[in-house]
Amino acid sequence: MEPDLHELLRSLRVWDPAVTDLPPFETDTAPAEPLALFTRWFAEAVAAGQDEPHAMTLATADAEGLPDARIVVLHGADADGWSFATHAHSRKGGQLAARPYAALAFYWPVLGRQVRVRGPVAPAPEREAQADLHARSTGALAAALTGRQSAPLGSAEELARASESAWERARREPGTPAPSWTLYRLRPQEVEFFQGDARRRHARLRYRRGEREWVRELLWP
C-alpha cells in the first residue's frame, strides 16, 4: 500500500522541542550590517549540530522570467558578497548569464532560523574560481572535470565512465584546471533574518542596502 501523503503531512511537527531550541532574537542589538550577524548565526548553527549548515537554496530565473531553484553549497561570504560555484554552461549558469540576479535561502531547523539574501550576481575572476576549486576535495575536482552539467545523459554507464576518468585525472593531476568552472558572487541588496518563536511571534529583521549604510527594519511574521 502506498503511503498517504496528507496523513504523513498532518503527523509532522514543526520545531519539536526535543530536537529544536528557539533562542530569543534581540533585534534592537543586532549589528549594523548583515554579514556580522550572518557569521554569528552560522557559527551558532554549527555549534548546535545543524547538519550541512552551508547548504542553501539558490533561486534564479531563466530568460523568460520563469523561476528555478536548487540546493548548492556556500563557498564563502565577505565584503564582496556571498559566493557559490557551478559550470558556466549549466542550467543555473545560463540563467545567471541571462538574468544576473538571484536569491539565497538558508534554513537551520535546529534553531528555528532562516536567512534570505537577494541581489545581483557576477562571476569572480577565473583565477579565483580555479583557486577555490583546487582548495576543495579531490571529489569536487573530479565532479568539475566530469563536466557537461545539465546536458542530457544517455545512460548511467556513460556517466560512470566519464566520472571514473575524471577521478583518475584529479588524483594524478590535482592542479588540472576546469575552464568552465565559475565562482559567482551575490552582492546582497536585502538580507532577512528570521527567528522562529514557539507562540508564532516570529522575529523578522530585514537589512536593505542604502546609499551609505544598511537600513534595518522589522517585518510582521
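Structure: see above.
In this text, all values refer to a predicted model and were calculated from it rather than measured experimentally.

Caption draft 1: Representation of the nonpolar core within the structure. In this structure, Trp82, Phe106, Val115 and Phe193 are the most contacted members of the largest nonpolar core, which totals 29 residues. If you list the elements that add at least two residues to this core, you get helix H2 (34–47), strand S1 (55–61), strand S4 (81–87), strand S5 (101–108), strand S6 (113–123), strand S7 (181–186), strand S8 (190–195) and strand S9 (203–209). No other element matches H2, which puts five residues into this core. By size, the runner-up hydrophobic cluster in this structure holds twelve residues, among which are Ala124, Ala142, Ala166 and Leu183.

Caption draft 2: Representation of the pattern of salt bridges within the structure. A full pass over the atoms with the stated rule returns twelve salt bridges. Here Glu190 ties to Arg118 by a salt bridge, and the two come within 3.4 Å at their closest N and O atoms. Placement of the pair is Glu190 in strand S8 and Arg118 in strand S6, with a sequence separation of 72 residues. On the accessibility criterion, Arg118 (38% relative accessible area) is partly exposed. Three or more residues are tied together by salt bridges with common partners; here these are Asp68, Arg70 and Arg91.

Caption draft 3: Seen up close, the pairing of S5. Side-chain alternation along S5 places Ala102, Leu104, Phe106 and Trp108 on a buried face and Tyr101, Ala103, Ala105 and Tyr107 on a face that remains uncovered. Pairing of S1 with S5 involves three bridges; the strand directions are antiparallel. Residue pairing in the sheet places Thr57 in a bridge with Ala105 of S5. Where S5 folds back onto S6 in an antiparallel hairpin, the turn is made up of four residues, including Gly112, whose phi is positive at roughly 65°.

Caption draft 4: Layout of helix H4 (residues 126–134). Taken together, the buried positions of H4 are Ala129, Gln130, Asp132 and Leu133. All buried residues of H4 project into a common sector of 160° when viewed along the axis, lining one side. Looking at the buried positions of H4, the neighbouring elements they touch are helix H5 (138–146) and S7.

Caption draft 5: Representation of unusual backbone geometry. Phi is positive for Glu52, close to 45°, though the residue is something other than glycine. In this fold, Glu52 is placed in the loop between H2 and S1. For Ser150, which is not a glycine, the phi torsion comes out positive at approximately 80°. Secondary-structure assignment places Ser150 in the loop between H5 and helix H6 (156–172).

Caption draft 6: Representation of the packing of aromatic side chains. If you walk through the whole model with that rule in mind, you get twelve aromatic pairs. With a centroid separation of 5.0 Å and an interplanar angle of 65°, the aromatic rings of Phe25 and Trp41 are classed as edge-to-face. Of the two residues, Phe25 sits in the loop between helix H1 (5–11) and H2 while Trp41 sits in helix H2, which places them 16 residues apart along the sequence. Per residue, the accessibility class of Phe25 equals that of Trp41, and both read buried. Measuring from centroid to centroid gives 6.0 Å for Phe38 and Trp108, while their planes differ by 45°, and the two rings are tilted. Placement of Phe38 in helix H2 and of Trp108 in strand S5 is noted, with a sequence separation of 70 residues between them. Taken as a pair, Phe38 and Trp108 share a single burial class, namely buried. Three or more aromatic residues joined by ring pairs make a cluster, and in this case those are Phe25, Trp41, Phe193, Tyr207 and Trp214. For the cation-ring pair, Arg113 lies above Trp41, with the distance from its terminal atom to the ring centre recorded as 4.1 Å.

Caption draft 7: Summary view of the side chain of Gln195. Residue placement: Gln195 occurs in strand S8. Separated by 3.0 Å, the side chain of Gln195 and the backbone oxygen of Leu111 make a polar contact. A polar side-chain atom of Gln195 sits 2.6 Å from a polar atom in the side chain of Arg113. When neighbours within four sequence positions are excluded, Gln195 is seen to be in contact with Leu22, Pro23, Phe25, Trp41, Leu111, Gly112, Arg113, His202 and Ala203.

Analysis parameters
- Residues numbered from 1 in each chain as written.
- Predicted model: local features only at pLDDT ≥ 70, side-chain atom pairs only at ≥ 80, totals over all residues.
- Heavy atoms only, no water.
- Core = buried A, V, L, I, M, F, W, Y, C linked by side-chain atoms within 4.5 Å.
- Buried < 20%, exposed > 50% of the residue type's maximum accessible area, 1.4 Å probe, protein only.
- Helix = DSSP H or I, 4+ residues; strand = E, 2+ residues; numbered from the N terminus.
- Salt bridge = Lys/Arg side-chain N within 4 Å of Asp/Glu carboxyl O.
- Pairing = 2+ DSSP bridges.
- Arc of directions from axis to C-beta.
- Contact = heavy atoms within 4.5 Å.
- Phe/Tyr/Trp six-rings, centres within 6.5 Å; stacked < 30°, edge-to-face > 60°.
- Lys NZ or Arg CZ within 6 Å of the ring centre and 35° of its normal.
- Polar contact = N/O pair within 3.5 Å; in protein donor to acceptor, adjacent residues only side chain to side chain.

Keep in mind that these numbers describe shape and distance, not what the molecule does.
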